[in-house]
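# Survey of secondary and tertiary structure
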Amino acid sequence: ETGVTQTPRHLVMGMTNKKSLKCEQHLGHNAMYWYKQSAKKPLELMFVYSLEERVENNSVPSRFSPECPNSSHLFLHLHTLQPEDSALYLCASSQDRTAPYEQYFGPGTRLTVT
Amino acid sequence: AQSVTQLGSHVSVSEGALVLLRCNYSSSVPPYLFWYVQYPNQGLQLLLKYTSAATLVKGINGFEAEFKKSETSFHLTKPSAHMSDAAEYFCAVSRTGGGNKLTFGTGTQLKVEL
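Residues numbered from 1 in each chain as written. Chains lettered and ligands numbered in written order. Predicted model: local features only at pLDDT ≥ 70, side-chain atom pairs only at ≥ 80, totals over all residues. Heavy atoms only, no water.

### Overview of the overall build of chain A
For the record, the criterion: Comment: elements are numbered from the N terminus, with helices defined as DSSP H or I runs of at least four residues and strands as E runs of at least two. In this treatment the radius of gyration is a C-alpha quantity, and the globule benchmark scales as 2.2 Å times the residue count to the 0.38 power. Think of it in three bands: residues with accessible area under 20% of the maximum for their type are buried, residues over 50% are exposed, and the middle band is partly exposed, with areas taken using a 1.4 Å probe on protein chains only.
Counting secondary structure elements, chain A contains zero helices and 11 strands. Here chain A has a C-alpha radius of gyration of 13 Å; the compact-globule value for 114 residues is 13 Å, and the two agree. Projected onto its principal axes, the C-alpha positions of chain A cover 35 × 30 × 30 Å. For chain A, the proportion of its 114 residues judged to be buried stands at 47%.

Set out below in structure tokens:
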């Protein structure tokens, strides 16, 4: 595997389910990010991790819970989601979190909440 | 605070014609500016970035962009469109000293017609 991978690519879940999104970067980077991409809206930064420490949480509801066990892996744990949480969730990584390092994106997980 | 405005959510050009995608930014400090491309069912890929060196920046796939401070613009151009350029394009800004936090525009969908 190369670059940034995300699993699953598609996920359908009910409002009472618990699921997790997984991201893995194979680039030796120190910073990882979760973004939400909704139709007709700009990408929204959700969380930033630097060297496994959460350094930013952009007022994301607690039904989204990130986890970064090491610098290569990032998870987004989901529970009791709402239909408006349906979106493409993108993971990204960069060499570190200081500008202007390029962010490398994974292909995303298309989440549908029913 | 920084922001990005992309004029035109949809742009259509003929194959071989000039591509011009517009991006205006707002930033209280010198910005770093980026253009990303997103093909269907994929994540974002960096086309080019401006980091206060040369104002004319060349990127991949024949794209280039010019930073114009007086106009607060960073428009993306390509002399001759190819069918494979059909995708969604995002302009993003980050501020110097502000970490690698990107603020994205809402995107421009480029259609290339025969």
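On we go from here.
### Some details on the environment of Glu56(A)
In plain terms, the rule: Pairs of residues are marked as contacts when any of their non-hydrogen atoms sit within 4.5 Å.
Relative to the helices and strands, Glu56(A) is located in strand β6 (residues 53-57). What makes Glu56(A) partly exposed here is its relative accessible area of 22%. Separated by 51 residues in the primary sequence, Glu56(A) and Pro107(A) place their C-alpha atoms 22 Å from one another. Those residues within four positions of Glu56(A) in sequence are excluded, and the remaining contacts are Leu45(A), Met46(A), Phe47(A), Val48(A) and Lys101(B).

### Details of the state of the cysteines
Residue and element names in this part refer to chain A. Keep this limit in mind: Count a disulfide wherever a pair of cysteine sulfur atoms falls within 2.5 Å.
Under the criterion given, the structure shown has two disulfides over all chains. Note that Cys23 is cross-linked by a disulfide to Cys91, the S-S spacing being 1.9 Å. Residues Cys23 and Cys91 are joined by a disulfide whose S-S torsion is about -70°; by sign, that bridge is left-handed. Within this pair, whereas Cys23 is found in strand β3 (residues 18-25), its partner Cys91 is found in strand β9 (residues 87-94), the two being separated by 68 residues in sequence. Of the two residues, Cys23 and Cys91, both sit in the buried class. Free cysteine: Cys68, not disulfide-bonded; nearest cysteine sulfur from Cys91 at 9.0 Å.

### Some thoughts on the pairing of strand β6 (residues 44-50) of chain B
All names here are of chain B. Our working rule: When DSSP finds at least two bridges between two strands, those strands are taken to pair.
Counting buried residues along β6, five of its seven residues qualify, which places the element largely inside the surrounding structure. Judged from the six bridges that link them, strand β5 (residues 31-38) and β6 form a sheet pairing that is antiparallel. Among the inter-strand pairings, Trp35 is bridged to a residue of β6, identified as Leu48. A loop of five residues connects β5 with β6, the two strands running antiparallel in sequence, and Asn41 in this loop sits at a positive phi of about 60°.

### Some words on the pairing of strand β10 (residues 87-95) of chain B
Residue and element names in this part refer to chain B. With seven of nine residues buried, β10 lies mostly within the body of the structure. Bridge count for β5 against β10 is eight bridges, and the pairing is antiparallel. Paired with Tyr32 across the bridge in β10 is Ser94. Where β10 lies against strand β11 (residues 103-104), two bridges are found, and the strand directions are antiparallel. By the bridge assignment for β11, Ala92 is matched with Phe104.

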